[in-house]
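So the chains spell out like this:
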Amino acid sequence: MKALGPIPPEFTAKEGELAIGGRTASELVKEAGDTPLFVYSRAIIEQRIGDLRKAMPERLKIHFAMKANPYGLLLEFMADLVDGLDIASAGELEQAREAGYLPREISFAGPGKRDRELFAAIRAGVTLNLESANEAERALQIGKQLGIAPRLAIRVNPPFELRGSGMKMGGGAKPFGVDADRVPTLARTIVDAGANWRGFHIYSGSQALDAEALIEAQGHVLDLAAQLAGEAGVEVPHLNMGGGFGIPYFDKDTPLDVAAIGVALEKRFADLPGVLKDTQFAIELGRYLVGEAGVYLTRIVDRKVSHDTTYLVTDGGLHHQLAASGNFGTVVRRNYPVAIATRFDAEPEEEVNVVGCLCTPLDRLADAAHLPRAEVGDLVAVFCAGAYGASASPATFLGQGPALEMLV
Ligand SMILES: Cc1ncc(COP(=O)(O)O)c(C=O)c1O
């Protein structure tokens, strides 16, 4: 055993080191100039999206939820690979525009949109996934002020949740979306106000690895959209069916069976109710598209023993990899896949704890990890770092500053 946890199989050794895009970890760090460093692989992302397209019905559009990774070069790279982009703030809108996305490819979901964000979105012509009746009223008002018919969809708070998902976003009281029973009246109001009605956005959860659970949720989404449209007497030009496709982070996690999801969806698409016959369908995915394509490289600056426990102290930590430290929505901390990048093909020899450089016991990158013997100067690789890493971690904590990023 070379390392810990489900290291994506695309990562191989070259000259004894972890190689990404054909270059060794040491070469990449040298080129970047320093550690810690996030490296994202173009080849892995491209392969992932290509395989997904083959598995899904052709009619289904694939959107990228940029909250997973807003790194500029990656965002630009994704523009040619996906059909649309989901944003969650006016800040993300600016980043998306800079990366070359067209407004009609962009949809904006997220609670608490401020008036200036609504102005920016409506002026640009992006679709707003409305989170409440109040937000709808403000969007219509701002549209009037600007003399623009805003592109509006309703984000529905569904009465079901995504079974087995790491983050549930439906099935009860939620700050997201409009409760399903209030949707028909609101949809009617929006259409009657002369907005550019786009349809529904139904997102029920994230990080599911069980294909059956996703098939079930997608079935519920199609049923609910048809029911709501029927009750409101409106069309559904577009249906964002949510996402939730998970990736294996931990020991014993198994990759999602996307082929099974594709087959089930194809069957449903072949037998749609009248109101959904001309609908354009999309799913929005973040981590599934980019999570496994990223590696976080951090250098060992100290090796010490305390009460018979060996610690490898690195120059990275939770300020870049909050999720890997177990502090980003996890109940029980478990190790992300970790390896000694500079000894990638060596056998494990010892049990160590890998920690970051912050003076808090929360700053853990791997507990009781079986790894090859590593010394000061070696590089540690934390895998599954392509989503919710750099931008989802408190980079300024303790004056540390951000990590470097690189697309190879
Ligand atoms: C509305 C919405 N879309 C997309 C995502 C992306 O999730 P994931 O990265 O798990 O695909 C999230 C995550 O919370 C979300 O809330």
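Figured I'd write up the structure that's included with this text. (Residues numbered from 1 in each chain as written. Predicted model: local features only at pLDDT ≥ 70, side-chain atom pairs only at ≥ 80, totals over all residues. Heavy atoms only, no water.)

### Some words on the nonpolar core
Thinking step 1. Grouped together as the largest cluster of nonpolar side chains are 130 residues, with contacts concentrated most on F64, F200, F245 and L289.
Thinking step 2. Here the element with the most residues in this core is helix 8 (residues 211–232); it accounts for 12 residues.
Thinking step 3. When residues of this core are assigned to domains, at least three fall in each of domain 1 (12–41 + 292–407) and domain 2 (70–285).
Thinking step 4. Once you skip the residues sitting within four places of it in the chain, F64 turns out to touch N69, L74, L75, M78, V82, G84, L85, D86, L285, G286, L289 and V290. (Core = buried A, V, L, I, M, F, W, Y, C linked by side-chain atoms within 4.5 Å. Buried < 20%, exposed > 50% of the residue type's maximum accessible area, 1.4 Å probe, protein only. Helix = DSSP H or I, 4+ residues; strand = E, 2+ residues; numbered from the N terminus. Domains from an automatic or database assignment. Contact = heavy atoms within 4.5 Å.)

### A few points about the pairing of strand 21 (residues 379–382)
Thinking step 1. Every second residue of strand 21 is oriented toward a common face, with L379 and A381 on one face and V380 and V382 on the other, all of them buried.
Thinking step 2. Bridge analysis of strand 16 (residues 294–306) against strand 21 gives 4 bridges, and the strand direction is antiparallel. Following the sheet pairing, R299 is matched in strand 21 by L379.
Thinking step 3. The pairing of strand 18 (residues 338–340) with strand 21 spans 3 bridges and is antiparallel. Of the residues in strand 21, the one forming a bridge with A339 is A381. (Pairing = 2+ DSSP bridges.)

### Things to note about the packing of helix 5 (residues 115–124) against helix 6 (residues 133–146)
Thinking step 1. Contact pair helix 5 / helix 6: the axes reach a minimum separation of 10 Å and the direction vectors enclose 55 degrees. By the angle class used here, helix 5 and helix 6 are oblique. The handedness of the crossing between helix 5 and helix 6 comes out as right-handed. Counted together, D115, L118, F119, I122 and R123 of helix 5 and E135, R138, A139, I142, G143, Q145 and L146 of helix 6 form the full contact between these two elements.
Thinking step 2. Each residue belonging to the contact of helix 5 with helix 6 can be placed in one class, and the counts come to 6 nonpolar, 2 polar and 4 charged. (Axes fitted to C-alpha atoms, helices over the stretch in contact; angles between N-to-C directions. Parallel < 35°, antiparallel > 145°, perpendicular 65-115°, else oblique. Left-handed = near helix turned anticlockwise from the far one by under 90°. Nonpolar A, V, L, I, M, F, W, Y, C, P; charged D, E, K, R; others polar.)

### Notes on the site of the ligand
Thinking step 1. The full set of residues close to the ligand is A65, K67, D86, R155, M169, Y203, S206, E284, L285, G286, R287 and Y388.
Thinking step 2. One of the side-chain nitrogen or oxygen atoms of Y203 is found 3.0 Å away from an oxygen atom of the ligand.
Thinking step 3. S206 places a polar side-chain atom, nitrogen or oxygen, 3.1 Å from an oxygen atom of the ligand.
Thinking step 4. When the free accessible area of the ligand is taken as 400 Å², the share hidden by the protein chains comes to 94%.
Thinking step 5. For the shell around the ligand, a count of residues per class yields 5 nonpolar, 2 polar and 5 charged. (Near = heavy atom within 4 Å. Polar contact = N/O pair within 3.5 Å; in protein donor to acceptor, adjacent residues only side chain to side chain. Areas by Shrake-Rupley, 256 points an atom, 1.4 Å probe, with all protein chains shown as cover.)

### Considering helix 7 (residues 183–192)
Thinking step 1. Among the residues of helix 7, V183, P184, L186, A187 and I190 are the ones counted as buried. Taken around the axis of helix 7, the buried residues stretch over an arc of 165 degrees, which confines them to a single face. Summarising the geometry of helix 7, the exposed residues directed more than 90 degrees from the buried face are T185 and D192.
Thinking step 2. Each element contacted by the buried residues of helix 7 is listed here: strand 8 (127–130), helix 6, strand 9 (151–157), strand 11 (178–179), strand 12 (196–202) and helix 8.
Thinking step 3. G194 occupies a position one or two residues after helix 7 and carries a positive phi of about 85 degrees. (Arc of directions from axis to C-beta.)

### Some remarks on helix 6
Thinking step 1. If you check helix 6, its first and last C-alpha atoms are 20 Å apart, about what 14 residues at 1.5 Å a residue would give, namely 20 Å.
Thinking step 2. Within helix 6, burial applies to E135, A136, A139, L140, I142 and G143. Taken down its axis, helix 6 places every buried residue within 165 degrees of arc, on the same side. In helix 6, the exposed residues that point more than 90 degrees away from the buried face are E137, K144 and Q145.
Thinking step 3. Of the surrounding secondary structure, the elements contacted by the buried residues of helix 6 are helix 5, strand 8, strand 9 and helix 7. (Expected span 1.5 Å × (residues − 1).)

### Things to note about the sheet that holds strand 1 (residues 12–14)
Thinking step 1. Here we have 3 strands laid out as an open sheet, ordered 1-2-3, and antiparallel in their pairing. Sheet topology places strand 1 and strand 3 (23–24) at the edges, where each strand pairs with a single neighbour.
Thinking step 2. Both strand 2 (residues 17–20) and strand 3 contribute to a ladder of 2 bridges, which runs antiparallel. Its bridge partner being in strand 3, A19 is matched across the sheet by T24.

### Observations regarding the packing of aromatic side chains
Thinking step 1. Using the criterion set out here, one finds 12 aromatic pairs in the structure.
Thinking step 2. Here the aromatic rings of Y40 and Y71 are separated by 5.7 Å at their centres, their planes lie at 50 degrees, and the arrangement is tilted. Placement of the pair is Y40 in strand 4 (residues 37–40) and Y71 in the loop between strand 5 (60–65) and helix 3 (72–79), with a sequence separation of 31 residues. In this structure, Y40 and Y71 share a single accessibility class: buried.
Thinking step 3. One aromatic cluster is present, built from ring pairs that chain together F38, Y40, Y71 and Y296.
Thinking step 4. It is R42 that lies over the ring of F77; its NZ or CZ is 5.6 Å from the centre.
Thinking step 5. Residue placement shows R48 over the ring face of Y288; its charged tip is 4.2 Å from the ring centre. (Phe/Tyr/Trp six-rings, centres within 6.5 Å; stacked < 30°, edge-to-face > 60°. Lys NZ or Arg CZ within 6 Å of the ring centre and 35° of its normal.)

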